[in-house]
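Structural overview
Okay, here's what each chain looks like letter by letter:
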Amino acid sequence: MKQKASIGIIIGNRDFFPDKLVAEARLDVIEQFEKLKLNYVILGEEDTKLGGVETFKDAQKCANLFKKHADEINGVLVILPNFGDERGVAETLKLADLNVPVLIQAYPDELTKLDVARRRDSWCGKISVCNNLYQFGIKYTLTDNHVLHPKDPAFAKELTDFVAVCRVVRGLRKVRIGAVGARPGGFNTVRYSEKILQRNGISVTTVDLSEILGNANKLTKDHPEVKEHLDKILAYAPKGKTPDEAMIQIAKLDVVLKHFMDDNFLDATAIQCWTSLQQNYGCNVCTSMSMMSENMLPSACEVDVTGTLTMYAMQLASGSPSALVDWNNNYADDDEKCVLFHCGNWAKSFLPDIQISNAPILGTTVGVENTYGALDGRTPASPLTYGRISTDDPKGVIKVYLGEGELTDDPLNTFGNRAVAQIDGLQDLMQYVCKNGFEHHVVMNASKTAAILEEALGNYMGWEVYNHSKSK
């Protein structure tokens, strides 16, 4: 998924520094944005002195420009080619009132150019700007190095990561999740607070599973939409030994779920599975969930609403699908490895050998013939970001843990959707998960985006975040 971001740009200035520094900075930053194919909103060179922001009048002009583009601005980049005017930057952000992430950049000085005509003092100016933003209560992000030239390759990475932070924050503040059915009785672990989520801008739309199944049962195999969805399913994954009758059931359910999502403008779903679906409808919903997740509409089983919220956050950070998994088994006697598993709803991106199958474990109680629709497949070696968002109801907060590791090609002879994860300090991580009352479900994404998620969820969403990778 390649998503363009619109970033507002503020070029800070202070009048007793050379004007050419502002002009050069404008060219530098525009060149970098165009190289990265990012949209930007910036004052024209004639709007203020060289398009910089220094006075309150400059701040008003810049803020008004940002307000005109408020719907498209995901974040703001502050460029400091010199010391800058900390009040001008802070006033612009206050007047614009965008409530978006802010990245502070400052130019490095050159040792051979510290005379009055060529010095910048951006190192010091950045501290002053941050001090003012702190006073104003405006949240901001820092580059890893205190000063960094926009043409430095490291800045391109910083800017790309910041755009991802903006994407996560914007997405989570307006996400709409569908909860299909009641939480299975045997899964207290996926309880959550709908009210805490709503306070954070996350809306949940509920529907009774009986409505979904009732509407699915009204459809016939000859219905045009059923035929269309069946064709899409067969193009998505080999049916293996799945009976034709089961494929029809899966397709009818897929039609109704799509209607529910479209009618309610949903970004993600969490669907009841064990064991009502199998007992009352005769198939698994895993294939539909996999297809939705692959198409960037994440779907989690067992009505795990905060699980699918985590999938959505990781998808926004990386631009690739996520999967809900169980922390399931040890891997022999290796303390740094474990088995990740689920019946079979992972996105196709994780399963190069994907096949529609059944769910043997669930089949022991409801009959294997009622579990077709689960997927079979092994995830190969890839980068790993893992994590979990959870509502902590006694504390009234949203808490998160996350980290990075690797998925490996170690031998794994079992069924369902499966992977082997290697994580530094895995035993300490499991201690943290258990002691802090997190769910048995975790989300995985084939990326290295823990730092992006930590910044977005901790700094801007204001949630309690533990980054396990930082503790190692």
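Description of the structure in this document.

Rules used throughout
- Residues numbered from 1 in each chain as written.
- Predicted model: local features only at pLDDT ≥ 70, side-chain atom pairs only at ≥ 80, totals over all residues.
- Heavy atoms only, no water.
- Helix = DSSP H or I, 4+ residues; strand = E, 2+ residues; numbered from the N terminus.
- Rg over C-alpha atoms; globule rule 2.2 N^0.38 Å.
- Buried < 20%, exposed > 50% of the residue type's maximum accessible area, 1.4 Å probe, protein only.
- Contact = heavy atoms within 4.5 Å.
- Areas by Shrake-Rupley, 256 points an atom, 1.4 Å probe, with all protein chains shown as cover.
- Lys, Arg positive; Asp, Glu negative; His and termini not counted.
- Charge placed at Lys NZ, Arg CZ, Asp CG, Glu CD.
- Pairing = 2+ DSSP bridges.
- Axes fitted to C-alpha atoms, helices over the stretch in contact; angles between N-to-C directions.
- Parallel < 35°, antiparallel > 145°, perpendicular 65-115°, else oblique.
- Left-handed = near helix turned anticlockwise from the far one by under 90°.
- Nonpolar A, V, L, I, M, F, W, Y, C, P; charged D, E, K, R; others polar.
- Salt bridge = Lys/Arg side-chain N within 4 Å of Asp/Glu carboxyl O.

Let's shift gears to the overall build of the protein chain. Broken down by element type, the protein chain carries 15 helices and 18 strands. Relative to its length of 472 residues, the protein chain is compact, with a C-alpha radius of gyration of 25 Å against a globular reference of 23 Å. Taking the principal axes of its C-alpha atoms as reference, the protein chain extends roughly 80 × 50 × 40 Å. Looking at the protein chain as a whole, 58% of its 472 residues are labelled buried. Of all intrachain contacts in the protein chain linking residues separated by at least 6 positions in sequence, the fraction that spans at least 24 positions is 77%. Within the structure as shown, the protein chain displays about 20000 Å² of accessible surface, and the carbon and sulfur contribution to it stands at 49%. Computed over 50 positive and 61 negative side-chain charges, the separation of the two mean positions in the protein chain equals 3 Å.

Another aspect to go through is the pairing of strand E17 (residues 441-445). Every other side chain in a regular strand lies on the same face of the sheet, so the side chains alternate between the two faces. Burial runs high along E17: 5 of the 5 residues are buried. As judged from the 5 bridges shared by strand E10 (residues 322-331) and E17, these two strands associate in the antiparallel manner. In the strand pairing of E17, valine 325 is matched with valine 442. As judged from the 3 bridges shared by strand E14 (residues 382-392) and E17, these two strands associate in the antiparallel manner. In the sheet register, threonine 385 faces E17, and the bridge partner there is asparagine 445.

A separate point is the packing of helix H1 (residues 19-36) against helix H5 (residues 153-172). Relative orientation of the contacting elements H1 and H5 amounts to 65°, with a least axis distance of 11 Å. Judged on the interaxial angle alone, H5 and H1 are roughly perpendicular. As for how H1 packs across H5, the hand of that crossing is right-handed. When H1 is examined against H5, the residues Gln32, Phe33 and Leu36 are found in contact with a partner set consisting of Phe155, Ala156, Leu159 and Thr160. Here the residues of the contact of H1 with H5 sort into 5 nonpolar, 2 polar and no charged.

A few words now on the sheet that holds strand E8 (residues 268-271). Strand order in the open sheet formed by 4 strands is E7-E6-E8-E9, with parallel pairing between adjacent strands. Of all strands in the sheet, those bounded by a partner on one side alone are strand E7 (203-207) and strand E9 (299-301). Strand-to-strand, the axes of this sheet are offset by a mean angle of 20°, without reference to chain direction. Bridging between strand E6 (residues 176-180) and E8 involves 4 bridges; their strand directions are parallel. Within E8, the position partnered with valine 180 by the bridge is isoleucine 271. The strands touched by helix H12 (residues 305-318) within the sheet are E6, E7, E8 and E9, with E9 carrying the most contacts at an inclination of about 150°.

With that settled, consider the pattern of salt bridges. Across all of its chains, the model carries 20 salt bridges by this definition. Here the salt bridges share partners, and the residues they tie into one network are Asp28, Glu31 and Lys151.

As a further point, take the sheet that holds strand E3 (residues 73-80). Strand order in this open sheet of 5 strands is E2-E1-E3-E4-E5, and the pairing throughout is parallel. Where the open sheet ends on each side, the last strands, each with one partner, are strand E2 (39-42) and strand E5 (141-142). Taken together, the 5 bridges between E3 and strand E4 (residues 102-106) define a ladder with parallel strand orientation. Paired with valine 78 across the two strands is isoleucine 104, which belongs to E4. Against the sheet, helix H3 (residues 86-96) makes contact with strand E1 (6-11), E3 and E4, and its axis sits at roughly 145° relative to E1, the strand it touches most.

A few words on the side chain of asparagine 345. Position of asparagine 345 relative to the elements: it lies in the loop between strand E11 (334-342) and strand E12 (355-357). We classify asparagine 345 as buried; its relative accessible area is 5%. Sequence-distant contacts of asparagine 345, that is, excluding residues within four places in its chain, are made with Cys286, Met289, Ser290, Ser299, Cys301, Leu324 and Asn417.

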